[in-house]
Amino acid sequence: MMNKIEHIGIAVTDLQKASTLYEQLLGTSCYKTELVESENVATAFFKTGENKIELLASTADDSAIAKFIAKKGEGIHHIAFDVDDIYAEMERLKGEGFVLLNEEPKKGADNKLICFVHPKTTNGVLIELCQEIR
Ligand code: CMX
């Protein structure tokens, strides 16, 4: 079972400019920035109450974010759900016929184990599972 939405990922071209804009929009400062080299992204996190927004900017021409922006423009890139046991949830989703984009959980931003579900199997929405590494 999936718990709450952990964060919403938004693809942006310029992380600095977008961070300033989201600080103005949300009325709160970015609480964390992180470079995730394995995903070729630079991220900036914001909190609004219990909810989080992750801004994602590409750090390589052929990254997932660069391709997404080239094709669709800036905007909502993924919805991430918190799970208690990512291995069990991956097995459950595979059993339901969803296509997972990685066989094993990988280390993502914000101290999480993550796994993505192909948007072709989820009505065009990229879904991320994430479990906090304790
Ligand atoms: N949301 C919805 N649809 C998406 C998408 C997204 N974020 N990214 C790509 N797509 C669509 C493409 O537009 C394409 O649609 P059409 O076939 O209708 O043209 C389709 O998915 C498949 O695209 P593709 O060309 O076969 O594959 P891509 O090389 O564009 O890869 C994806 C797409 C989702 C498999 C790839 O981006 C991926 O593996 N993503 C997971 C990793 C990731 O996104 N990392 C960055 C974030 C890291 C973080 O959160 O820290």
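If you're wondering where the values come from, they're calculated on a predicted model, not measured in any experiment.

Calculation notes
Residues numbered from 1 in each chain as written. Predicted model: local features only at pLDDT ≥ 70, side-chain atom pairs only at ≥ 80, totals over all residues. Heavy atoms only, no water. Helix = DSSP H or I, 4+ residues; strand = E, 2+ residues; numbered from the N terminus. Rg over C-alpha atoms; globule rule 2.2 N^0.38 Å. Phe/Tyr/Trp six-rings, centres within 6.5 Å; stacked < 30°, edge-to-face > 60°. Buried < 20%, exposed > 50% of the residue type's maximum accessible area, 1.4 Å probe, protein only. Pairing = 2+ DSSP bridges. Axes fitted to C-alpha atoms, helices over the stretch in contact; angles between N-to-C directions. Contact = heavy atoms within 4.5 Å. 1 Å grid on protein atoms, 1.4 Å probe; cavity = no way out; pocket = protein on both sides within 12 Å on 5 of 7 lines; lining within 4 Å. Points joined across faces, edges and corners; volume = space filled by probe spheres on them. Nonpolar A, V, L, I, M, F, W, Y, C, P; charged D, E, K, R; others polar.

**Topic: the overall build of the protein**
Helix and strand counts for the protein come out as three helices and eight strands. Starting at the N terminus and ending at the C terminus, the protein contains elements arranged as β-α-β-β-β-α-β-α-β-β-β. Taking 2.2 N^0.38 as the reference for a compact globule, 134 residues should give roughly 14 Å; the C-alpha atoms of the protein span a radius of gyration of 14 Å, in line with that estimate. C-alpha extents for the protein along the principal axes are approximately 40 × 30 × 25 Å.

**Quick notes on the packing of aromatic side chains**
What the rule picks out here adds up to two aromatic pairs. Note on Tyr 22 and Phe 46: the rings are 6.4 Å apart at their centroids and 45 degrees apart in plane angle, and the pair reads as tilted. Placement of the pair is Tyr 22 in helix H1 (residues 15-26) and Phe 46 in strand S3 (residues 41-48), with a sequence separation of 24 residues. Each of the two residues, Tyr 22 as well as Phe 46, counts as buried.

**Considering the sheet that holds strand S4 (residues 51-58)**
Strand-to-strand pairing in sheets goes through backbone hydrogen bonds, with the strands running parallel or antiparallel. Here we have eight strands laid out as an open sheet, ordered S2-S3-S4-S1-S5-S8-S7-S6, and mixed in their pairing. Both outer strands of the open sheet, strand S2 (32-36) and strand S6 (106-108), are each paired with one neighbouring strand and no more. On average, each strand axis in the sheet is tilted by 35 degrees relative to the strand beside it, whichever way the strands run. Of the pairings in the sheet, the one linking S2 to S3 comprises five bridges and is antiparallel in character. Residue Leu 35 lies in a different strand from S3, and its bridge partner there is Ala 42. Where helix H3 (residues 86-95) meets the sheet, its contacts fall on strand S7 (112-117) and strand S8 (127-132), and the angle it forms with S8 comes to roughly 155 degrees.

**What about the layout of surface pockets?**
Counted as a void, the largest pocket has a volume near 850 Å³. Lining the largest pocket are 31 residues, and of these Ala 64, Phe 68, His 77, Pro 119 and Leu 126 lie nearest its centre. Sorting the residues of the lining of the largest pocket by element identifies S3, S4, helix H2 (64-72), strand S5 (75-82), S6 and S7 as the ones contributing at least two each. A per-element tally of the lining of the largest pocket places H2 first, with six residues. Its residues placed into classes, the lining of the largest pocket shows 15 nonpolar, seven polar and nine charged.

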